[in-house]
Amino acid sequence: MSVRNFEPKFMKLGVLTAALQELTPRDVRDPDPDRAIEDWLSFGREVGADVLQLSAALHPSESDVPAEAMLDPVANTLDLRAPFTAERQRRVEIAMKETRVGISDIAYFDNLLHHDRGVREKKLDFMRRVLDAAQLLGLPAVCGFVGRDQTKSMAQNLEAFEAIFVPLLKDAKARGVRYRVEQCPMPGWTTSDNFHNNIGYAPGAWIALHRICERHGVGDQFRVHYDPSHAVLMGQDTRSIFQFLKDAGYAFLVDGFHVKGQVIDSKGVSEWGYGGQTMNRGDWIGGAPSEKPSDQLNAWKKQTVLCEHELPGTARHDPLAYLQNRTVDWLDHQLAAREVLGVDASQVPLIVEHEYGPARTQDKEKLRPILAGSLAFTRKIDEAAAAMFALQHEVLPAQGIPVQGRGREAYRS
């Protein structure tokens, strides 16, 4: 009988910098772009982060989507109006060393299959700048969406992915960087009734897209940055998704994690179902899509009538909701990553994404204790999961001691 030491492995905890878009006032950061990164690295240390997921976005003066039309306005903490240079790299690395906070990856969330060629090329060019910055900083990956061409069916969008996105992945491969796709369906991206506007929204889609990538030699570049909030939005649960991927031979696809929750409103589901509000939203005026960005924001009622984002730790513990897939079971989320996917936890970033509206203050002093509390909660949940995994899968089996109970099971609620 052998004895195995208790050696739990913890994930590196981080935060997406879009949590505080204007940490550095724009009149300061616009003439001095990398000041925003320095300030966020310091703030990250204050709230207890190991790493940052660096938010990049088209500058407000260049974006095709007004902030008033966005449910969760993005942040260009990484300002790429001018290319990221070796000089900028050195400045950021000095700040990382001083604060002892790292950067896990760069996130740019946009529609890279946009039907308008001019708009699409602008976004793709920006993403290539993101890839350049990731390469200079020695980061393993970038994170983003695939998107959808609204003029085409989902099947036709697979062809668009092959023609448009595969070349981007070849550019990523040339830079030694992976592309992690987040699975949000982005229902409010359009005033039409389409719910799935990011074609990389579920395991079946990830596998179909990866097979295309494999045919073109870029399978190693296509990975998934899993966010459980979007699974809950679509009636899924983490353990079942991970089990499906494992059974299909694609557990390797999940390469990073967001910890952002979703709390389902049962009354909203009773009124509209999981497809969300389909009529009388306020995004159409006079029988046509409104041209006002503030009206276009109402397209998000396809999502917001039935749920609300959760910042980890801000929603009450609700075991029944976990079993009904109405909110995220955080402990099982972290356990399943280890038990089902078999990830090396020490190498996987765990990124808190703050999109809980009522707590989405842009006041640094008010946000600091909120983020600090959420990160502390997330860290303790991961530590608990790591301890349970080490005990149940390493220490006890080595001594022939059975594990008690059944635990949560895939495909069962």
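A few points on the structure.

Calculation rules
Residues numbered from 1 in each chain as written. Predicted model: local features only at pLDDT ≥ 70, side-chain atom pairs only at ≥ 80, totals over all residues. Heavy atoms only, no water. Helix = DSSP H or I, 4+ residues; strand = E, 2+ residues; numbered from the N terminus. Rg over C-alpha atoms; globule rule 2.2 N^0.38 Å. Buried < 20%, exposed > 50% of the residue type's maximum accessible area, 1.4 Å probe, protein only. Core = buried A, V, L, I, M, F, W, Y, C linked by side-chain atoms within 4.5 Å. Contact = heavy atoms within 4.5 Å. Pairing = 2+ DSSP bridges. Axes fitted to C-alpha atoms, helices over the stretch in contact; angles between N-to-C directions. Polar contact = N/O pair within 3.5 Å; in protein donor to acceptor, adjacent residues only side chain to side chain. Phe/Tyr/Trp six-rings, centres within 6.5 Å; stacked < 30°, edge-to-face > 60°. Parallel < 35°, antiparallel > 145°, perpendicular 65-115°, else oblique. Nonpolar A, V, L, I, M, F, W, Y, C, P; charged D, E, K, R; others polar. Salt bridge = Lys/Arg side-chain N within 4 Å of Asp/Glu carboxyl O. Right-handed = clockwise from strand over helix to strand, strands pointing away. Expected span 1.5 Å × (residues − 1).

Quick look at the overall build of the protein chain
Working step 1: Counting secondary structure elements, the protein chain contains 14 helices and twelve strands.
Working step 2: Here the C-alpha atoms of the protein chain give a radius of gyration of 21 Å, agreeing with the 22 Å that 2.2 N^0.38 yields for 413 residues.
Working step 3: Reported as C-alpha extents along the three principal axes, the dimensions of the protein chain are approximately 70 × 55 × 50 Å.
Working step 4: Across the 413 residues that make up the protein chain, the buried fraction comes to 52%.

Quick notes on the nonpolar core
Working step 1: Among the nonpolar cores identified, the biggest contains 93 residues, and Phe161, Phe242 and Phe257 are the most heavily contacted of them.
Working step 2: Among all residues touching Phe161, those that are not within four sequence positions of it are Leu113, Val146, Val166, Leu169, Ile199, Leu209, Ile212, Cys213 and Phe222.
Working step 3: In this structure, Leu16, Cys143, Cys184 and Trp300 belong to the second largest nonpolar core, which totals twelve residues.

Topic: the sheet that holds strand 3 (residues 102-108)
Working step 1: With parallel pairing, eight strands are arranged side by side around a closed barrel as 1-2-3-4-5-6-7-12. Recorded for the sheet is a direction-independent mean angle of 30 degrees between the axes of neighbouring strands.
Working step 2: Relative to strand 3, strand 2 (residues 51-55) runs parallel, the two sharing five bridges. The residue of strand 3 that forms the bridge with Ser55 is Ala107.
Working step 3: Strand contacts of helix 2 (residues 35-47): strand 1 (12-16), strand 2 and strand 3, with the helix running at about 145 degrees to strand 2, the strand carrying the most contacts.
Working step 4: Across the sheet, helix 4 (residues 117-137) lies against strand 3, strand 4 (141-144) and strand 5 (178-182), angled at about 170 degrees from strand 3, the strand it touches most.

Re the side chain of His309
Working step 1: With respect to the helices and strands, the residue His309 is situated in strand 11 (residues 307-310).
Working step 2: A distance of 3.2 Å separates polar atoms of two side chains, one belonging to His309 and the other to Gln262.
Working step 3: Within the structure, His309 has its side chain in polar contact with the side chain of Glu355 (distance 3.1 Å).

Considering the packing of aromatic side chains
Working step 1: If you walk through the whole model with that rule in mind, you get ten aromatic pairs.
Working step 2: Centroid distance Phe165 to Tyr179: 5.0 Å. Interplanar angle 85 degrees. Geometry classified as edge-to-face. Here the residue Phe165 occupies a position in helix 5 (residues 154-175), and Tyr179 occupies one in strand 5, the gap between them amounting to 14 residues. No difference in accessibility class separates Phe165 from Tyr179, as the two residues are buried.
Working step 3: With 6.2 Å between their ring centres and 65 degrees between their planes, Phe242 and Phe257 make a pair best called edge-to-face. With a gap of 15 residues between them, Phe242 in helix 8 (residues 238-248) and Phe257 in strand 7 (residues 254-259) connect regions that are remote in the sequence. Neither Phe242 nor Phe257 differs from the other in exposure class; each is buried.
Working step 4: Ring-pair connections join several aromatic residues into one group, and the members of that group are Phe161, Phe165, Tyr179 and Phe222.

A few points about unusual backbone geometry
Working step 1: One non-glycine residue, Met186, lies in the positive phi region at around 55 degrees.
Working step 2: In this fold, Met186 is placed in the loop between strand 5 and helix 6 (203-215).
Working step 3: Judged by relative accessible area, which is 9%, Met186 ranks as buried.
Working step 4: Of note in the backbone geometry, Asn325 takes a positive phi value of approximately 60 degrees without being a glycine.
Working step 5: With respect to the helices and strands, the residue Asn325 is situated in the loop between helix 12 (319-323) and helix 13 (330-341).
Working step 6: When its relative accessible area of 11% is taken as the criterion, Asn325 is described as buried.

What to know about the packing of helix 2 against helix 14 (residues 364-398)
Working step 1: Between helix 2 and helix 14, the shortest axis-to-axis distance is 8 Å and the interhelical angle comes to 55 degrees. In terms of axis orientation, helix 2 runs oblique to helix 14. Here Trp40, Phe43, Glu46 and Val47 of helix 2 come into contact with helix 14, specifically with Lys364, Arg368, Leu371, Ala372 and Leu375.
Working step 2: Within the contact of helix 2 with helix 14, the residues separate by chemical class into six nonpolar, no polar and three charged.

Considerations on the pattern of salt bridges
Working step 1: Applying the stated criterion across every chain, the model contains 36 salt bridges.
Working step 2: Among the ionic pairs, Asp110 bridges to Lys123, the shortest N-O distance being 2.8 Å. Taken as a pair, Asp110 in the loop between strand 3 and helix 4 and Lys123 in helix 4 lie far apart in primary sequence, 13 residues in all.
Working step 3: Overall, the relative accessible area of 12% leaves Asp110 in the buried class.
Working step 4: Residue Lys380 pairs with Glu383 through a salt bridge whose shortest N-O separation is 3.5 Å. One end of the pair, Lys380, and the other, Glu383, are both in helix 14, three residues apart, so they sit about a helical turn from each other.
Working step 5: The exposure class assigned to Glu383 is partly exposed, which follows from its relative accessible area of 26%.

A look at the pairing of strand 6 (residues 222-226)
Working step 1: Of all the five residues making up strand 6, five are buried; the element is thus mostly covered by neighbouring parts of the structure.
Working step 2: Alternating positions in strand 6 separate into two faces, Phe222, Val224 and Tyr226 on one and Arg223 and His225 on the other, with burial throughout.
Working step 3: On the question of chirality, the crossover connecting strand 5 to the parallel strand 6 by way of helix 6 is right-handed.
Working step 4: Looking at chain direction, strand 6 and strand 7 are connected through three bridges and run parallel. Counterpart to Tyr226 in the pairing with strand 7 is Phe257.

Remarks on helix 2
In an α-helix, one turn spans 3.6 residues; hence positions three or four apart end up facing the same way.
Working step 1: Here helix 2 spans 19 Å end to end across 13 residues, near enough to the 18 Å set by a 1.5 Å rise per residue.
Working step 2: Those residues of helix 2 lying buried are Ala36, Ile37, Trp40, Leu41, Phe43, Gly44 and Val47.
Working step 3: Next to the buried residues of helix 2 lie strand 1, helix 1 (26-29), strand 2, helix 3 (86-99), strand 3 and helix 14.
Working step 4: Immediately downstream of helix 2, the backbone of Gly48 shows phi near 95 degrees, a positive value.

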